[in-house]
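Working through the structure, step by step
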Amino acid sequence: MKLFCLPYAGGSKTIYYKLKNAINSNIQLEPIELKGRGSRYDEGFYTDFEDAVNDIYLKIKNKIIDDEYAIFGYSMGSLLAFELYYKIVENGGKIPKHIFFSGYKAPHCAREKEPIHNLPDAGFMDEVIKLGGTPIEVVENDELCKIVIPILKNDFRILELYKYKKKSNPIECDITILSGSKDTLTFEELDGWKMHSAKNTKILIFEGNHFFINNNMKEIINLIETTLL
């Protein structure tokens, strides 16, 4: 069983290394590296959200021909996972056994927050820090900020400019929705995921903010193993 993991805005595949090292060996965890960061730092940024989805699809399409697989998305990664599913279906690929959508509202829910990707760097980082996932060491280090801010800004840009298009068919596999108890997502935004699946939808709330995964690793690993094995 392969589990493809898609990161949150600004994240690289390294955010899933702790999960990869601790999960059952029967689950082959494959974190996806997006352009412009980590081992793909020199490849430039995505032009738009569709560009990112196409890139991820090309990375995994040959890995899902014969093997059973699932997808785990976190925040921006959840929206990428949603559109990736339809890209796979559009190209006649095998559907996943399960999709985990973490820390993100149902795709059809209107964006209510003002865009931040076009703010000056200082104001932009102030808004990002409010999400609670950026280490203070990054904010206080000018060299790190020079590397991190362009990546974050482009991720927020493609995310904030994303336009949901109604799908002709719902997702044909079970889905699990994960959220933090102190995140800003509303019940309606989480419950809205139900309309996107023709199968079972489970919604689970964990203690914590938007980055609840950091404090609930054991519980999330148990959830993934119980669901997939």
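Below, the structure is looked at part by part.

1. Structural notes on the sheet that holds strand β3 (residues 69-74)
Strand order in the open sheet made by the six strands is β2-β1-β3-β4-β5-β6, with parallel pairing throughout. The open sheet has two edge strands with one neighbour each: β2 (28-31) and β6 (201-206). This sheet shows a mean twist of 15° between the axes of neighbouring strands, independent of strand direction. Sheet topology note: the strand β5 (residues 174-180)/β6 ladder contains six bridges and is parallel. Each bridged residue has a counterpart across the sheet, and for L178 the counterpart in β6 is L204. Contacts from helix α8 (residues 217-228) reach β1 (2-6), β3, β4 (98-102), β5 and β6, with the element oriented near 160° to β4.

2. Description of helix α3 (residues 76-90)
An ideal rise of 1.5 Å per residue puts 21 Å on 15 residues; α3 measures up with 21 Å between its terminal C-alpha atoms. The element α3 is extensively covered by neighbouring structure, given that 13 of its 15 residues are classed as buried. G92 sits one or two positions beyond α3 and adopts a positive phi of about 75°.

3. Regarding the environment of L228
Residue placement: L228 occurs in helix α8. Residue classification places L228 among the buried positions, given a relative accessible area of 4%. Considering only alpha carbons, one finds L228 and H98, 130 residues apart in sequence, at a separation of 7.6 Å.

4. Things to note about the layout of surface pockets
Considered as a void within the structure, the largest pocket measures approximately 1300 Å³ in volume. If you go around the largest pocket, you meet 47 residues; those closest to its centre are Y8, A9, L131, H210 and F211. Every element with two or more residues in the lining of the largest pocket is listed here: α1 (17-22), α4 (121-130) and α6 (142-160). Among the elements that take part in the lining of the largest pocket, α6 stands out by supplying six residues, more than any other. Residue classes in the lining of the largest pocket are distributed as 23 nonpolar, 12 polar and 12 charged. One number sums up the size of the second largest pocket: a volume of about 500 Å³. If you go around the second largest pocket, you meet 18 residues; those closest to its centre are E50, E83, Y162, K165 and K167.

Cut-offs and rules
Residues numbered from 1 in each chain as written. Predicted model: local features only at pLDDT ≥ 70, side-chain atom pairs only at ≥ 80, totals over all residues. Heavy atoms only, no water. Pairing = 2+ DSSP bridges. Helix = DSSP H or I, 4+ residues; strand = E, 2+ residues; numbered from the N terminus. Axes fitted to C-alpha atoms, helices over the stretch in contact; angles between N-to-C directions. Contact = heavy atoms within 4.5 Å. Expected span 1.5 Å × (residues − 1). Buried < 20%, exposed > 50% of the residue type's maximum accessible area, 1.4 Å probe, protein only. 1 Å grid on protein atoms, 1.4 Å probe; cavity = no way out; pocket = protein on both sides within 12 Å on 5 of 7 lines; lining within 4 Å. Points joined across faces, edges and corners; volume = space filled by probe spheres on them. Nonpolar A, V, L, I, M, F, W, Y, C, P; charged D, E, K, R; others polar.

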